[in-house]
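Close look at the chain arrangement
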Amino acid sequence: MTAGLGLAPALPPVLWLAATLVLYLVGVNLAARSRQRAAQGRPTIAAHPAMSWFVELARPLFYLGIPYAALLLGVVSPAAMGLAATSGWPQASVAAGIALAALAIALWSWGALRRHLPAYPLPRAWAAHATWWGWPMQLREAGYLEMMWAFCRAACIARLGFYAGTFAALGVILLAGALNGALRRAAREPGEREAVVQTAGLAIVSTLLFYGTASLWTCLATHFALQFIVVRVVVRRARAVAAKSGGPR
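First things first, this report covers the structure right here in the doc.

Reading the values: the criteria
- Each chain has its residues counted from 1, following the order in which its sequence is written.
- The predicted nature of this model means local features are confined to residues of pLDDT at least 70 and side-chain atom pairs, given and counted, to a pLDDT of 80 or more, with totals for whole chains, interfaces and linings taken over all residues.
- The basis for every side-chain value is the complete set of heavy atoms in the structure, and neither hydrogens nor water enter the calculation.
- Numbered from the N terminus, helices here are DSSP runs of H or I no shorter than four residues, and strands are runs of E no shorter than two.
- Per-residue accessibility, obtained with a 1.4 Å probe over protein chains only, is compared with the maximum for each type, and a residue is labelled buried under 20%, exposed over 50%, and partly exposed between these values.
- Here the Shrake-Rupley method, with its probe set to 1.4 Å, supplies the accessible areas, and only the displayed protein chains count as covering residues.
- In this analysis, two residues are considered to be in contact whenever any of their non-hydrogen atoms come within 4.5 Å of each other.
- Note on patches: the residues involved have over 30% relative accessible area and no salt bridge, like charges join within 9 Å, and the nonpolar side chains Val, Leu, Ile, Met, Phe, Trp and Tyr join within 5 Å.
- Each salt bridge in this description consists of a side-chain nitrogen of Lys or Arg and a carboxyl oxygen of Asp or Glu lying within 4 Å of one another.
- Just so you know, the count uses Lys and Arg for positive and Asp and Glu for negative, and it drops His and the chain ends.
- For the purpose of locating charges, the reference atoms are NZ of Lys, CZ of Arg, CG of Asp and CD of Glu.
- We call Phe, Tyr and Trp rings a pair once their centres come within 6.5 Å, taking the six-membered ring for Trp, and we label the pair stacked below 30 degrees between planes, edge-to-face above 60, and tilted otherwise.
- Placement of a positive charge over a ring is assigned whenever Lys NZ or Arg CZ falls within 6 Å of the ring centre and within 35 degrees of the normal to the ring plane.
- As used here, the term nonpolar core means buried Ala, Val, Leu, Ile, Met, Phe, Trp, Tyr and Cys residues forming a set that is joined through side-chain atoms within 4.5 Å.

1. Comments concerning the overall build of the protein
Of the regular secondary structure elements, the protein holds 10 helices and zero strands. Reading the protein from its N terminus to its C terminus gives the helix and strand order α-α-α-α-α-α-α-α-α-α. Taken across its 249 residues, the protein has 37% of its residues classed as buried. Accessible surface computed for the protein: about 13800 Å², of which carbon and sulfur atoms make up 71%.

Rendered as structure tokens:
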């Protein structure tokens, strides 16, 4: 890909991945610390009105810009990213089976939780995404995550081969989440932890889908569909229960 551009990758894929991981951890942990200081009423840059605009600009540059640059420079290949694959009926059957199993597990898990803990709080992020304008937000978040996960897989595949690289990338993705201080705190708080668990589950589903189909587009479509369906069903059920009990909707 880079031959016609006269470019050559300056760093091997593994170093690109390591640098991306370091950049991610520095950014999210500094942001989390800054937000914590702001919550305590201490001076911090997070309180500046322009900070939210900066974050919204930085996120696509990170999640989409880095994978695109890696493709442009030939650090990773389109095939390893899942951009060159065309799924046939066998791959579609695998994808449908994995997606339906994941959906059934997610809905059963939430139903079991609500039966045992009827007053369990509705996840705040899910409530926001369940509005009529929520689906573009969900599609955006799915695109950000799947593109970065595809880059992680492609970098690992370049070093370890398809099978080992695909699942090694899942380890890298889960490790990055575990080292994110904000996610660790969210995972301990009801109403926040569900989004963390859902994202981790989608990372696992995406890995299995990619191993079965080698298609980023299948992973993206399934990610969005699962996220959208689970959120809409859970929020609708919670609102119905609240309406019957006379509680707030």
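2. Points about the side chain of H223
Following the sequence through the fold, H223 ends up in helix α10 (residues 216-245). Residue H223 is classed as buried on the basis of its relative accessible area, which comes to 2%. H223 has contacts with A142, L145, E146, W149 and L202, leaving out every residue within four places of it along the chain.

3. Focus on a positive patch on the surface
A grouping of R35, R184, R185 and R188 is seen on the molecular surface, where their side chains present a positively charged patch. Looking at where R184 falls in the secondary structure, it is placed in helix α8 (residues 181-186).

4. Thoughts on the environment of R153
If you trace the backbone, R153 turns up in helix α6 (residues 134-160). Along the primary structure R153 and G165 are separated by 12 residues, whereas in three dimensions their C-alpha atoms are 6.2 Å apart. Those residues in contact with R153 that sit more than four places away from it in its chain are E146, G165, T166, A169, S206, T207, F210 and C219.

5. Quick word on the packing of aromatic side chains
By the definition in use, this model includes nine aromatic pairs. Residues F162 and Y211 carry aromatic rings whose centres are separated by 5.8 Å and whose planes lie at 20° to one another, so their mutual orientation is stacked. Here F162, found in helix α7 (residues 162-178), pairs with Y211, found in helix α9 (residues 193-213); they are 49 residues apart in sequence, far enough to count as distant. With a centroid separation of 5.5 Å and an interplanar angle of 70°, the aromatic rings of Y163 and Y211 are classed as edge-to-face. Within this pair, whereas Y163 is found in helix α7, its partner Y211 is found in helix α9, the two being separated by 48 residues in sequence. Counting every residue linked through ring pairs, the aromatic cluster contains F162, Y163, F167, F210 and Y211. Directly above the ring of F210 sits R153, whose terminal nitrogen or CZ lies 4.4 Å from the centroid.

6. Here we look at the nonpolar core
Core analysis: the largest hydrophobic core is formed by 51 residues, its most contacted members being Y24, Y63, V76, M81, W126 and F151. Listing elements by their share of this core, those giving two or more residues are α1 (13-39), α2 (51-72), α3 (78-81), α4 (89-116), α6, α7, α9 and α10. Beyond its immediate chain neighbours, meaning those up to four positions away, F151 contacts W16, L17, T20, I66, P67, A70, V76 and M81.

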